Amino acid sequence: MSDCAFGTTDPIYKEYHDKEWGHPLHDSRKLFELMALESQHAGLSWLTILKKREAYREAFYNFEPEKIASMTDEDIDKLMEFPGIVHYRKKLEAIVSQAKGYLEIEKIHGSFSKFLWAYVDFYPIDLHYKTPTDRITVDKRAKQMSKDLKKYGFKFMGPVTMFSFLEAAGLYDAHLEDCPFKPSQN
């Protein structure tokens, strides 16, 4: 088992690491989905959210921001009973706020992807981790991104969550140097 995959033995997490985590993601809608899921992860394990991903997709219109942005308090009431998702109202409401922010960013910046990738000058930053103990959990860029997104109504997107997002979306290459799934080695 690769140390890069956080020493997990769970096959869902392992597959996520091998096929998705840290690979550069440029599709605005997929970036939005990942960010929304990262916001649900705050205070919980990523594996918990990963196992609930399909239920979140169903609950939130396959993460179509236009549909989510028009959700009402009554819709959130229904989601509080929706099976397979975390029933924490403020986090569910956060996804609606994020969808509204996404649409505003698209309008102002042309695309959500372009807005996010500008933080890394449109090219993934390799963190050059050699061992798991090299890993960090926050940096200045994640702090700035968190601050900027809050201006657009994004919630549950603190600096540590943003750093995790940067790694997961491949804006940062956080795979260990010898990981066979490191994007630069594929």
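Residues numbered from 1 in each chain as written. Predicted model: local features only at pLDDT ≥ 70, side-chain atom pairs only at ≥ 80, totals over all residues. Heavy atoms only, no water.

Caption draft 1: Molecular detail of the overall build of the chain. Regarding its fold elements, the chain presents 10 helices and 2 strands. Along the chain, helices and strands appear, N-terminal first, in the series α-α-α-α-α-α-α-α-β-α-α-β. Here the C-alpha atoms of the chain give a radius of gyration of 16 Å, agreeing with the 16 Å that 2.2 N^0.38 yields for 186 residues. Along the three orthogonal principal directions, the C-alpha set of the chain runs to about 50 × 35 × 25 Å. Here the chain holds 186 residues, and the buried ones make up 48% of them. By sequence separation, contacts in the chain at least 24 residues apart represent 69% of the contacts at least 6 residues apart. On the chain, roughly 9,300 Å² of surface is accessible, and the fraction owed to carbon and sulfur atoms is 53%. Averaging the coordinates of the 26 positive side-chain charges in the chain and doing the same for the 29 negative ones gives two points 4 Å apart. (Helix = DSSP H or I, 4+ residues; strand = E, 2+ residues; numbered from the N terminus. Rg over C-alpha atoms; globule rule 2.2 N^0.38 Å. Buried < 20%, exposed > 50% of the residue type's maximum accessible area, 1.4 Å probe, protein only. Contact = heavy atoms within 4.5 Å. Areas by Shrake-Rupley, 256 points an atom, 1.4 Å probe, with all protein chains shown as cover. Lys, Arg positive; Asp, Glu negative; His and termini not counted. Charge placed at Lys NZ, Arg CZ, Asp CG, Glu CD.)

Caption draft 2: Broad picture of the packing of helix α9 (residues 140-150) against helix α10 (residues 159-168). Here α9 crosses α10 at 110 degrees, and the two axes come no closer than 8 Å. With respect to each other, α9 and α10 are oriented roughly perpendicular. Residues Ala142, Lys143, Met145, Ser146 and Leu149 of α9 form the contact with α10, whose participating residues are Pro159, Met162, Phe163 and Leu166. Grouping the constituent residues of the contact of α9 with α10 by class yields 7 nonpolar, 1 polar and 1 charged. (Axes fitted to C-alpha atoms, helices over the stretch in contact; angles between N-to-C directions. Parallel < 35°, antiparallel > 145°, perpendicular 65-115°, else oblique. Nonpolar A, V, L, I, M, F, W, Y, C, P; charged D, E, K, R; others polar.)

Caption draft 3: Region of interest: the pattern of salt bridges. Applying the stated criterion across every chain yields a total of 12 salt bridges. Salt bridges linked by common partners bring Glu33, Glu54 and Arg57 together as one network. (Salt bridge = Lys/Arg side-chain N within 4 Å of Asp/Glu carboxyl O.)

Caption draft 4: View of the UniProt feature "binding site: Zn(2+)" (unreviewed entry) in the chain. Mapped onto this structure's residue numbering, the UniProt feature "binding site: Zn(2+)" (unreviewed entry) falls at Cys4, His17, His175 and Cys179. With the annotated positions falling across 176 residues, the maximum pairwise C-alpha distance of 10.4 Å places them together in a single cluster. Mapped onto the elements, His175 comes out in the segment after β2 (172-173). We classify His175 as buried; its relative accessible area is 0%. Side-chain polar atoms of His175 contact the side chain of His17, separated by 3.3 Å. Secondary-structure assignment places Cys179 in the segment after β2. (UniProt positions renumbered as here; feature names shortened; annotations may be inferred. Polar contact = N/O pair within 3.5 Å; in protein donor to acceptor, adjacent residues only side chain to side chain.)

Caption draft 5: A look at α10. Counting buried positions along α10 yields 7 of 10 residues, so the element is predominantly enclosed. Buried within α10 are the following residues: Thr161, Met162, Phe163, Phe165, Leu166, Glu167 and Ala168. At its buried positions, α10 is contacted by α1 (11-19), α2 (28-41), α8 (112-117), α9 and β2.

Caption draft 6: Summary view of the state of the cysteines. Applying the stated rule across the entire model yields 0 disulfides. Unpaired in terms of disulfides, Cys4 finds its nearest cysteine sulfur in Cys179, a separation of 3.7 Å. (Disulfide = S-S within 2.5 Å.)

Caption draft 7: Structural view of the environment of Arg135. Locating Arg135 in the fold gives a position in the loop between β1 (125-126) and α9. Look at Arg135 and you get buried, because its relative accessible area is 19%. When the C-alpha atoms of Arg135 and Ala174 are compared, they prove to be 7.9 Å apart, with 39 residues separating the residues in sequence. In this structure Arg135 touches Asp3, Cys4, Phe6, Trp21, Tyr129, Ala174 and Leu176, once residues within four positions along its chain are discounted. A distance of 3.1 Å separates a polar side-chain atom of Arg135 from the backbone oxygen of Cys4.

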